[in-house]
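# Structure assessment
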Amino acid sequence: MPVIFGWVRDNRCVTLKIHIAEGAAPYEQVRAQISEQARSGALPVGYKLPTVRGLAESLGLAANTVAKAYRALEADGVVETRGRNGTFVAAAGDAASREAAAAAQAYAERAHRLGLTEADALDAVRDALRAAYGE
């Protein structure tokens, strides 16, 4: 069921499509689609997202489902909540890159302390990435 957020740059509309029959939880679908659209620029930095209740109603989801997606997006640095002013797309690229670099550094240090070879550490990362990305 698609929902149109509204018009963004150059009169392009932004949509979300939730497929209840798919394996991914609805909140994860909302989170992933908003995250991807923010990363691609379809949702520009500073774009005001619909309210939790408004988006939930448009998608036919529970408000708690959308709230969970917004919390995850905020934790990932994709959006920022400005109190009663609403939820906005943040400048996520830099924050996401910094967080990924910090996680990679922590992993590298831990793998080294565990005595793994570089090849073993890379294999573990590849396996984890395949599992996370469903490959």
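Right above here is the structure, for reference.
The notes below deal with the structure included here. (Residues numbered from 1 in each chain as written. Predicted model: local features only at pLDDT ≥ 70, side-chain atom pairs only at ≥ 80, totals over all residues. Heavy atoms only, no water.)

Before going further, it helps to examine the packing of aromatic side chains. The full count for this structure, using the stated rule, is zero aromatic pairs. One cation-aromatic arrangement involves Lys 68 over Tyr 27; the distance from NZ or CZ to the ring centre is 4.1 Å. Positioned above the aromatic ring of Phe 88, the side-chain terminus of Arg 82 is 3.9 Å from the ring centre. (Phe/Tyr/Trp six-rings, centres within 6.5 Å; stacked < 30°, edge-to-face > 60°. Lys NZ or Arg CZ within 6 Å of the ring centre and 35° of its normal.)

The next thing to look at is the pattern of salt bridges. Tallied over the full model, the rule gives six salt bridges. Across the pair Arg 31 and Asp 76 runs a salt bridge, and its minimum N-O distance is 3.9 Å. Within this pair, whereas Arg 31 is found in helix H1 (residues 26–40), its partner Asp 76 is found in the loop between helix H3 (63–75) and strand E3 (79–81), the two being separated by 45 residues in sequence. Judged by relative accessible area, which is 17%, Arg 31 ranks as buried. Asp 76 gets classed as partly exposed once you look at its relative accessible area, which sits at 34%. As a salt-bridge pair, Arg 82 and Glu 80 come within 2.7 Å of each other at their nearest N and O atoms. Classification of Arg 82 as partly exposed rests on a relative accessible area of 38%. (Salt bridge = Lys/Arg side-chain N within 4 Å of Asp/Glu carboxyl O. Helix = DSSP H or I, 4+ residues; strand = E, 2+ residues; numbered from the N terminus. Buried < 20%, exposed > 50% of the residue type's maximum accessible area, 1.4 Å probe, protein only.)

Now for the packing of helix H2 (residues 52–59) against H3. Between two packed helices, both the angle of their axes relative to each other and the distance between the axes serve to describe the pair. Between H2 and H3, the least distance of the axes is 8 Å, while the angle of their chain directions is 120°. Between H2 and H3, the angle is such that the two are oblique. In this structure, H2 meets H3 at a crossing whose hand is right-handed. Every residue of H3 that contacts H2 at Val 52, Arg 53, Leu 55 and Ala 56 is listed here: Ala 63, Val 66, Ala 67 and Tyr 70. (Axes fitted to C-alpha atoms, helices over the stretch in contact; angles between N-to-C directions. Parallel < 35°, antiparallel > 145°, perpendicular 65-115°, else oblique. Left-handed = near helix turned anticlockwise from the far one by under 90°. Contact = heavy atoms within 4.5 Å.)

A grouping of Tyr 107, Leu 114 and Leu 116 is seen on the molecular surface, where their side chains present a nonpolar patch of about 270 Å² in accessible area. Mapped onto the elements of the fold, Leu 114 is located in the loop between helix H4 (92–113) and helix H5 (118–133). (Patch = residues over 30% accessible without salt bridge, like charges linked within 9 Å, V, L, I, M, F, W, Y side chains within 5 Å. Areas by Shrake-Rupley, 256 points an atom, 1.4 Å probe, with all protein chains shown as cover.)

Counting residues in each nonpolar core, the largest one holds 19 residues, and the members touching the most others are Val 30, Ile 34, Leu 49, Leu 55, Leu 59 and Tyr 70. Sorting the residues of this core by element identifies H1, H2 and H3 as the ones contributing at least two each. In terms of residue count, the dominant contributor to this core is H3 (four residues). (Core = buried A, V, L, I, M, F, W, Y, C linked by side-chain atoms within 4.5 Å.)

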